[in-house]
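# Coordinate analysis (summary)
What follows is each chain in one-letter form.
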Amino acid sequence: MSAGSAGTTAPIRLGTRGSALALAQSQRVADSIAARTGSPVELVTISTLGDRSTAPLESLGGAGVFVTAVREALLAGECDVVVHSLKDLPTAPHPELRISAIPKRADARDALVARDGLTLEQLPPGARVGTGSPRRRAQLRRRRDDLEVVDLRGNVDTRIGRVLGSEPTVDREGVEADLDAVVLAVAGLERLGRDDVITEHLGIAGWPTAPGQGALAVETLASVSGPLRSALQGIDHAATRTSVEAERAVLRLLEAGCSAPLGANAFIDGGMLFLAARVYSDAGEQVSAAHALYVDDTRTPGEDAAKRVVDELLELGAADLAPLGGAR
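What this report covers is the structure whose coordinates are included nearby. On a predicted model such as this, the values are computed, not experimentally measured, just so you know.

### Describing the overall build of the chain
- On a plain count of helices and strands, the chain comes out with 10 helices and 13 strands.
- The buried share among the 328 residues of the chain stands at 49%.
- Within the chain, residue pairs in contact and separated by at least 24 positions form 67% of the contacts whose partners lie at least 6 positions apart.

So this is what it looks like as structure tokens:
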């Protein structure tokens, strides 16, 4: 009997990438599923191209490099449910799969991790700041064009080690501190219990982050049923889903790939959805747009808000700043 069928006693198999961060966030989802179904949940670790390669994400094809292998395992029946960082998930729907739950979002902000407790403004001219994100590179250049921005890959501990250094352990070599700072997602640091290394939280208003940052996507086959489907309905957070779907609609309508420096953030307050987005050039030039629409029981305005934001961005010249397939 499958894990999604009534009366099952077999463990529910949850597919996940094998990084420390992926395992930490997947374990949280596994615990929630187990509590709601009464069935044990076991993690199935899957290696992805994004994990194996140290090349820049743009050169690997961008969207999907962290999720394709995980999805293939789900489609092959090797697991019953998978967990992704939502910002890694392509915006085009998969015909055989469903995002069955988006749990309540964690902190969507970026954070600076710098030597000597420094903030971004306190870094000296010429300081070396690491990031693998085109958006973060553009934001750094806009805020501090005197910094040296260094391309960066690797897991969270490795990136922190490039700033603070790390001693060799039984299973890995030490990391030399050759950077003055790195920019990382607050949510990932918190999930790993490493938020103590944050020297500055970068505010969303002046530093918009990737669509879906801080949120998880729990994906299943479209045909999922029984206790697993019911459990995932209980995990789904409606306000988070509405907000991140609006952000991802901006990405989809602009046809902006991983090489496009783009930030988008949405939230619901007082019955209204507020959506803002910003497109940058590599040099840090920017255009911004924001709209707000009412939310009610019969209407989720994410698509409408995204279309208005995208139309305004294109009118302001966003396609001249960044590689966008949605320019018209």
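### Describing the environment of T300
- Its place among the elements puts T300 in the loop between β13 (286–294) and α9 (302–315).
- Classification of T300 as exposed rests on a relative accessible area of 56%.
- A sequence separation of 54 residues divides T300 from A246, and the C-alpha atoms of the two residues are 9.2 Å apart.

### Observations concerning the packing of aromatic side chains
- Taken as a whole and judged by the stated rule, the model has 1 aromatic pair.
- Relative to F274, the ring of F267 lies with its centre 5.1 Å away and its plane at 15°, an arrangement referred to as stacked.
- You can call F267 partly exposed: its relative accessible area is 47%.
- A relative accessible area of 30% means that F274 is categorised as partly exposed.

### Section: the sheet that holds strand β11 (residues 262–269)
- Reading across from one edge, β11-β12-β13 is the order of the 3 strands in this open sheet, with antiparallel pairing throughout. Among the strands making up the open sheet, the edge pair consists of β11 and β13. Each strand axis lies, on average, 10° off the axis of its neighbour in the sheet, ignoring direction.
- Packed on one face of the sheet, helix α4 (residues 134–143) meets β11, β12 (272–280) and β13 and runs near 75° to β12.
- Its contacts with the sheet put α9 on β12 and β13, and the angle it makes with β13 is roughly 150°.

### Here we look at helix α8 (residues 238–254)
- Across its 17 residues, α8 extends 25 Å between first and last C-alpha, which sits within 8% of the 24 Å expected from 1.5 Å per residue.
- Counting buried positions over the 17 residues of α8 gives 12, a clear majority of the element.
- Taken together, the buried positions of α8 are T240, R241, T242, S243, V244, A246, E247, R248, A249, V250, L251 and L254.
- On its buried side, α8 packs onto β4 (97–101), β11, β12 and α9.

### Considerations on the pattern of salt bridges
- If you walk through the whole model with that rule in mind, you get 19 salt bridges.
- As a salt-bridge pair, R115 and D180 come within 2.6 Å of each other at their nearest N and O atoms. Pair noted here: R115 is in the loop between β5 (110–114) and β6 (128–131) and D180 is in the loop between α5 (156–164) and β8 (181–185), with a separation of 65 residues, a long-range link.
- Residue R115 is classed as partly exposed on the basis of its relative accessible area, which comes to 27%.
- A relative accessible area of 16% places D180 in the buried class.
- Of the charged contacts, one joins R241 and D236 as a salt bridge, the two residues approaching to 3.0 Å between their closest N and O atoms.
- A single network of salt bridges, built from pairs that share partners, joins R17, K87 and D88.

### Quick notes on the side chain of S100
- Following the sequence through the fold, S100 ends up in strand β4.
- Under the relative-accessibility criterion, S100 is labelled buried at 12%.
- A distance of 2.7 Å separates the side chain of S100 from the side chain of T220, its partner in a polar contact.

### With respect to α5
- Residues V156, R159, I160, G161, R162 and V163 constitute the buried set of α5.
- Packed against the buried residues of α5 are α1 (20–37), β5, β7 (148–151), β8 and α6 (186–191).
- Two or three places before D157, at the opening of α5, N155 has a side-chain oxygen 3.2 Å from that residue's backbone nitrogen.
- Trailing α5 by a residue or two, G165 shows a phi angle of about 80°, which is positive.

### What to know about the sheet that holds β7
- As summarised here, the arrangement of the 5 strands in space is β7-β6-β8-β5-β9, forming an open sheet in which the pairing is mixed. What marks the edges here is a single partner per strand, and that holds for β7 and β9 (200–202). Strand-to-strand, the axes of this sheet are offset by a mean angle of 30°, without reference to chain direction.
- Pairing of β5 with β8, which is carried by 5 bridges, proceeds in the antiparallel orientation. Across the sheet, the residue bridging to A111 is L184, located in β8.
- Against the sheet, α5 makes contact with β5, β7 and β8, and its axis sits at roughly 155° relative to β8, the strand it touches most.

### Quick word on unusual backbone geometry
- The backbone phi angle of D116 is positive, close to 60°, even though this residue is not glycine.
- Looking at the element boundaries, D116 is found in the loop between β5 and β6.
- For D116, a relative accessible area of 63% corresponds to the exposed category.
- Even without a glycine there, the phi angle at E255 is positive, about 50°.
- Its location among the elements puts E255 in the loop between α8 and β11.

Rules behind the numbers
Residues numbered from 1 in each chain as written. Predicted model: local features only at pLDDT ≥ 70, side-chain atom pairs only at ≥ 80, totals over all residues. Heavy atoms only, no water. Helix = DSSP H or I, 4+ residues; strand = E, 2+ residues; numbered from the N terminus. Buried < 20%, exposed > 50% of the residue type's maximum accessible area, 1.4 Å probe, protein only. Contact = heavy atoms within 4.5 Å. Phe/Tyr/Trp six-rings, centres within 6.5 Å; stacked < 30°, edge-to-face > 60°. Pairing = 2+ DSSP bridges. Axes fitted to C-alpha atoms, helices over the stretch in contact; angles between N-to-C directions. Expected span 1.5 Å × (residues − 1). Salt bridge = Lys/Arg side-chain N within 4 Å of Asp/Glu carboxyl O. Polar contact = N/O pair within 3.5 Å; in protein donor to acceptor, adjacent residues only side chain to side chain.

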